[in-house]
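Residue-level listing of the chains:
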Number of protein chains: 4
Amino acid sequence: MVGYGFMGKAHSQAWRNAARFYDLPSKPELTALCGRSSSAVAAAAETYGFAGWETDWERLIARDDIDVVDICTPGDSHAEIALAALEAGKHVLCEKPLANTVEQAREMAAAAERAAERGRHSMVGFNYRRVPALALARQLIADGRLGTVYQVRAQYLQDWIVDPEFPLVWRLQAEKAGSGALGDLGAHSIDLAQYLTGQRITGVSALLETLVPERPLPGAYSGLSAAADAGHVERGRVTVDDAALFTARFEAGAVGVFEATRFATGHKNAMRIEVSGSLGSVAFDCESLNELSYYDATMDPEIAGFRRILVTEPGHPYLAAWWPPGHLIGYEHTFTHEIKDFVEALASGTRPEPSFADGLQTQLVLAAVAQSAAKDSTYTLVGRQSQP
Amino acid sequence: MVGYGFMGKAHSQAWRNAARFYDLPSKPELTALCGRSSSAVAAAAETYGFAGWETDWERLIARDDIDVVDICTPGDSHAEIALAALEAGKHVLCEKPLANTVEQAREMAAAAERAAERGRHSMVGFNYRRVPALALARQLIADGRLGTVYQVRAQYLQDWIVDPEFPLVWRLQAEKAGSGALGDLGAHSIDLAQYLTGQRITGVSALLETLVPERPLPGAYSGLSAAADAGHVERGRVTVDDAALFTARFEAGAVGVFEATRFATGHKNAMRIEVSGSLGSVAFDCESLNELSYYDATMDPEIAGFRRILVTEPGHPYLAAWWPPGHLIGYEHTFTHEIKDFVEALASGTRPEPSFADGLQTQLVLAAVAQSAAKDSTYTLVGRQSQP
Amino acid sequence: MVGYGFMGKAHSQAWRNAARFYDLPSKPELTALCGRSSSAVAAAAETYGFAGWETDWERLIARDDIDVVDICTPGDSHAEIALAALEAGKHVLCEKPLANTVEQAREMAAAAERAAERGRHSMVGFNYRRVPALALARQLIADGRLGTVYQVRAQYLQDWIVDPEFPLVWRLQAEKAGSGALGDLGAHSIDLAQYLTGQRITGVSALLETLVPERPLPGAYSGLSAAADAGHVERGRVTVDDAALFTARFEAGAVGVFEATRFATGHKNAMRIEVSGSLGSVAFDCESLNELSYYDATMDPEIAGFRRILVTEPGHPYLAAWWPPGHLIGYEHTFTHEIKDFVEALASGTRPEPSFADGLQTQLVLAAVAQSAAKDSTYTLVGRQSQP
Amino acid sequence: MVGYGFMGKAHSQAWRNAARFYDLPSKPELTALCGRSSSAVAAAAETYGFAGWETDWERLIARDDIDVVDICTPGDSHAEIALAALEAGKHVLCEKPLANTVEQAREMAAAAERAAERGRHSMVGFNYRRVPALALARQLIADGRLGTVYQVRAQYLQDWIVDPEFPLVWRLQAEKAGSGALGDLGAHSIDLAQYLTGQRITGVSALLETLVPERPLPGAYSGLSAAADAGHVERGRVTVDDAALFTARFEAGAVGVFEATRFATGHKNAMRIEVSGSLGSVAFDCESLNELSYYDATMDPEIAGFRRILVTEPGHPYLAAWWPPGHLIGYEHTFTHEIKDFVEALASGTRPEPSFADGLQTQLVLAAVAQSAAKDSTYTLVGRQSQP
């Protein structure tokens, strides 16, 4: 594993535990963790249960005793590491977003395709697909229970930078983060919308907004309290979007509306998505992770209503491994399920999903959103995966 | 009152009952109801409690014993009746939307302004402003409790035409209805968004979609069952939007996302709006009419949370007249409150709100939405009330 | 109508409006309102739309131009007025509780029975039976959709006397109010539990508690602020229950748990009831008046869940008269529905429900609750309607 | 660890992971798992990450390389194992209920007290105390935010035996399970009610009911399908309660109502508890594990309301170790938190809670409930921990 921040912590928990709950065809071994600072990575390796550690990802990839590389670094290094790892014959799991640019994503998807032909597989970490409630939603839609899909409404609402004095961290700088709420949050909504409906987004019209355009430089307050008190806080420009709003068309005729924002005061991680079709609707809110709301329009209207399905039954996706009905599972097990499916796919030689091509697809939508926003919200076609 | 359909029924209930609950400065008398069919209007007058009836609105307006004209007809006749009534020296209450075109609305606003100078007043029926929970939301925002307003998210979700065999009624024909979900539902959201934030919408980017483009002509099934059985149902083109999706900018910097749709399967009248600011958020859903959800970001994060305010306390707007705390009021009393405020304004000589100018403002936004949708969703400025 | 407090206001609204929405076989006329103070009753008659007024209920009953007497006074006068009205050949609608004692209730039920044989009918005002969601619940249970009923859980939660400085009003004095939360709130729960299940309660075990045993006498603060400031507030003993908790058995084997309290801080009028059976459950909360929650256990567990039925469809009980789906109705229309059913029953000569015998049945349960609480919560059989 | 069923699986997950998230003073080592079948226990040890295994708990306890014994067996063996383990100088964690009888519990509490004086500690596994939302509730109450506690309402609703053809498993047999819903579910509610309020329950009045008195013997259907088809299914008597309903008094004057049932159709694990005091209320539902509902009655009534606190902030109990705000944790981490606190207590030499004395206290309430139910629900005092 490369990287041991939030995602490294979540992924290592999943690698450690997947085989404790699922009867996997092969048992993961946490061979080595990679990070730049030797003291920090050594401590993290100990905490997270890795047998060893490296400070150079190229050395990691060169090791013979490693079959799978899990990339948990920020997006700007994904392409380089993933390409090298695939080249070195490793299976690769790469956190989302696949890359910071369409070009990198395209290159990665192509490399993944070539590697797959050699039996080396790759997957991108859109973990929300493995929320049992969303996997159930996908089943219901795939089974035709919603009929013709007409509309998608997706919101990803957070509020951690509402305070204008929150500092200008790297995530608010375009050169490091690529984009703001759009790539960080909107990417999840885009992947899910396409996954749930089984339809690609073909065009978008977007509005990106930076609601607080200048912020204190990191350390501005702590370092210079006298200056801060006097109001002389040094500030820098926010170069990413605080909120990304867009409408979309899907390939089979559905339309959708998307909002990704870090300014939805009071919402901590409200990743919500609803799909409406001719025969029903399903709705999900990540702040109620174990629930799916389902409306079946084929019932008598007098007894129809949105149904709160508590997705904890043994017959629900992934749930047989866990606890009795009504006992909730947490966010972290989206990753446990991801590892389970990845390991099973590797063992059986099938291609895991979402693929790098799926990651590219989301990247193409993100690019179209940015492009539309840059030209007065004009409707913009999403590029094709296969270049002309 | 002119017209006695859904709105006429609701308005007459309000006129009959306002003085039973509020101590009004003058008691409304339901003098005459106007409709085209004498037998039908006579029956409706009896049912709704009008002393008499007319079949010609010009005769109604000409009557000396009438001070106020309440227009509850479809939008295409609003302008003509309202202009004549104001000309005849009546006070006018006009259902929303103010008119079917910006030009008519502009003419009406100008006439209302001139009449106001002569002491004759007018109001447009955006009844949702008088939902106590929304009036409370306006108070909280006006009091600064939300700080700087950053975002609006508005949904108006219905589902009554999801079935593709639902017939081509007049509301689905542009020449009669003007627009579809946009004008019927979106108009409410637009007025509320501007009312709650105290900011006008300055530009929009929109996508309008007709999801079921052809429908059976009315009577196609009932009239010709043999033909229908054989699949020879005569169909016509739907010429209005089934769903209207748009993003918006507000004059003081906020951004918003709007969805108005009749294809949100399972939602019957989910008029939802949420406003997020630097210090808090308020959220409302018309399917929970007596509740306001409020997040106060100035509290310690450990005890902060969205608060379900049951808006039934005597200190809440309009509530002192009703029942003890916890006893809900219904949708119809948005009109009772409207009549109360209207009668009080007339008695005191102050100008009632929302004014025809407010109605025009919404019309200008609707027009900008339609215009943007017609030119590839390009961002389109909302026209000014005062013509150049 | 006798009495014009909270219930008089609600009932008069219903009498005035029932025929505006329902096509009733006869149109109610509000002939006279009766109260002790001539100036106050005259004003109330004017406000509520009564043609005249009386200050002596015996004179009211003696009038020839009155067919129906609606008793909205406190419980201690119900028996006397109702017995006289029935004797005088009037139909009688009597607010709940039917009486303050079992003896009075028994006498009233007997008189109602005799009057019914002469074609004069009576009804007791358990208005919650006419909440459309609860009428729907009754339908579902009667149709067998819940299978064998196993359990009832009922809560009636208010909080208006949580403040220990709230004064000792008449409702907190046993000689006037009979009991506290038990009779005021618990009576509704008891009637509903029996109505919904179709089963009588046969025995109870109860705990009654007065949580704040002494309170300021009314006016203690306002009258003597100096004394109040000095802490010399005169207090009296609370002689009714603040909270009534009991368990129950039903005649066909179900068991139930009941809580009626005015000390449920934060709950304003949470009259909640849930019935669970072998095939499903229904749950209701009066703070969400237009909703019924329904779980259908015959469905696949993977798609089963509590369904929020928005009870506003034209096919729902009472709803065809009101607004389009999704537009809520208020608490007051429980009375409108009551009047509708009462008028229809009188016109057709059928016996309206709930009858005085139903009122007696609730009184018998209340008495058993009080008796059990008085003897160490020992299980106590509910008395029989027909005396030995 | 002794036992590897549901609780063994949950506890081992907690032991494995606690030190991955919390910086514990000592790192747990999973030395040996104990079970009767060598092949099964060996497989479970492998799956759950134990270094070894035993088939005889006395051998386990005799091992020198073991400091802590975690008892996850059914309740009838708790006393014997715990007493021996304490005698052998081990620290002991024992699943709830502490024992099947008051006598055993009393003996265990005494042994725990003696062991504590020798520096060997014990804890009983009322894991719900470590739900962060409930730990927060305890903090709020302990800080006085609810003022004087007046009422507790507790429900533990499950539905897994509603089907009358569900077989007569051991949990439905008194000789093995002790009691039914009462001990299995009600024990949690009792412990929590006492923990949250800080008050012991002093007396109860109870009704226990077996709603389906006979059930098919296990295997009756599968083994003899012909007989089953013919209706000759062999049945046995259910000897435990299906539902336990009781009212209670607390030592400082509060009253409470409790329901524990396996017949609440549609509810899977709805462990709900609400505490109301003079200044506010808190409410919790285990089906929304990461939320606490809090009403603060000291606020202006116009902006007061039940607040949904999403208990995922770093300042919330236990949460700093987990994920960013808004990312939910699962049921299993109630055990992780339990292990964290237990390990920290052992390292610091403080006594962990809940103690065996707390377990005994719950047992005394359970016994009083059973006793009251056996004598016509008569109010029954809860026995004292210290015998006369």
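You'll find the structure just up there.
Peer 1: Can you walk me through the pairing of strand 7 (residues 201-209) of chain D in this structure?
Peer 2: Residues in a regular strand project their side chains so that they alternate between the two faces of the sheet. All names here are of chain D. In terms of burial, strand 7 is a largely internal element, seven of the nine residues being buried. Relative to strand 10 (residues 243-250), strand 7 is paired through eight bridges, and the arrangement is antiparallel. Of the residues in strand 10, the one forming a bridge with Leu 207 is Leu 245. In this structure, strand 7 lies alongside strand 16 (residues 380-381), joined through two bridges in antiparallel fashion. Across the sheet, the residue bridging to Gly 203 is Leu 381, located in strand 16.

Peer 1: Quick question: what am I supposed to make of the packing of aromatic side chains here?
Peer 2: Any two aromatic rings considered together are summarised by their centre-to-centre distance and by the angle between their planes. Under the criterion given, the structure shown has 58 aromatic pairs over all chains. Geometrically, the ring pair formed by Phe 6 of chain A and Trp 323 of chain D is tilted, given 6.2 Å between the ring centres and 40° between the ring planes. Of the two residues, Phe 6 of chain A sits in helix 1 (residues 6-21) while Trp 323 of chain D sits in the loop between strand 15 (306-310) and helix 11 (333-348), which places them in two different chains. Of the residues examined, Phe 6 of chain A reaches a relative accessible area of 33% and is grouped as partly exposed. Measuring from ring centre to ring centre gives 6.3 Å for Tyr 128 of chain D and Tyr 156 of chain D, while their planes differ by 70°; the resulting arrangement is edge-to-face. Here Tyr 156 of chain D lies in strand 6 (residues 149-157) and Tyr 128 of chain D lies in the loop between strand 5 (122-125) and helix 6 (132-142), a separation of 28 residues in the sequence. In this structure an aromatic cluster arises from ring pairing among Phe 6, Tyr 128, Tyr 156, Tyr 331 and Phe 335 of chain A together with Phe 21, Tyr 22, Trp 322 and Trp 323 of chain D. One cation-aromatic arrangement involves Lys 9 of chain B over Trp 323 of chain C; the distance from NZ or CZ to the ring centre is 5.4 Å.

Peer 1: What is the right way to read the side chain of Gln 151 of chain C from this model?
Peer 2: Relative to the helices and strands, Gln 151 of chain C resides in strand 6 (residues 149-157). A polar side-chain atom of Gln 151 of chain C sits 2.7 Å from a polar atom in the side chain of Glu 259 of chain D. Leave out the neighbours within four places in its chain, and Gln 151 of chain C touches Ala 254, Val 255, Glu 274, Val 275 and Ser 276 of chain C together with Leu 211, Ala 243, Leu 245, Glu 259, Thr 261, Phe 263 and Ala 264 of chain D.

Peer 1: Any chance you could explain the sheet that holds strand 5 (residues 122-125) of chain A here in plain terms?
Peer 2: In sheet architecture, strand pairing relies on hydrogen bonds along the backbone and comes in two forms, parallel and antiparallel. Residues and elements named next belong to chain A. In spatial order, the strands read 3-4-5; together these three strands make up an open sheet with parallel pairing. Each edge of the open sheet is held by one strand with a lone partner, namely strand 3 (68-71) and strand 5. In this sheet, neighbouring strand axes are inclined to one another by 10° on average, regardless of whether the strands run parallel or antiparallel. Each of strand 3 and strand 4 (91-95) is contacted by helix 1, which is oriented at about 135° to strand 4, the strand it contacts most. Contacts between helix 4 (residues 78-87) and the sheet are confined to strand 3, strand 4 and strand 5, with strand 4 contributing the most and set at about 170° to the helix.

Peer 1: What is the right way to read the interface of chain A and chain B from this model?
Peer 2: It is common to report an interface's size as the accessible area lost on association of the parts. Every contact between the two is made by 45 residues of chain A and, on the other side, 45 residues of chain B. At the boundary of chain A with chain B, total buried surface from both sides reaches about 3,400 Å², with 57% on carbon and sulfur atoms. Counting across the interface, chain A meets chain B through four salt bridges. Salt-bridge contacts for Glu 259 of chain A lead to Arg 153 of chain B; the nearest nitrogen and oxygen are separated by 2.9 Å. In this assembly, chain A and chain B are joined by 20 residue pairs in polar contact (both at pLDDT 80 or more).

Calculation criteria
- Residues numbered from 1 in each chain as written.
- Chains lettered and ligands numbered in written order.
- Predicted model: local features only at pLDDT ≥ 70, side-chain atom pairs only at ≥ 80, totals over all residues.
- Heavy atoms only, no water.
- Buried < 20%, exposed > 50% of the residue type's maximum accessible area, 1.4 Å probe, protein only.
- Helix = DSSP H or I, 4+ residues; strand = E, 2+ residues; numbered from the N terminus.
- Pairing = 2+ DSSP bridges.
- Phe/Tyr/Trp six-rings, centres within 6.5 Å; stacked < 30°, edge-to-face > 60°.
- Lys NZ or Arg CZ within 6 Å of the ring centre and 35° of its normal.
- Polar contact = N/O pair within 3.5 Å; in protein donor to acceptor, adjacent residues only side chain to side chain.
- Contact = heavy atoms within 4.5 Å.
- Axes fitted to C-alpha atoms, helices over the stretch in contact; angles between N-to-C directions.
- Buried area = accessible area lost by both parts, 1.4 Å probe.
- Salt bridge = Lys/Arg side-chain N within 4 Å of Asp/Glu carboxyl O.

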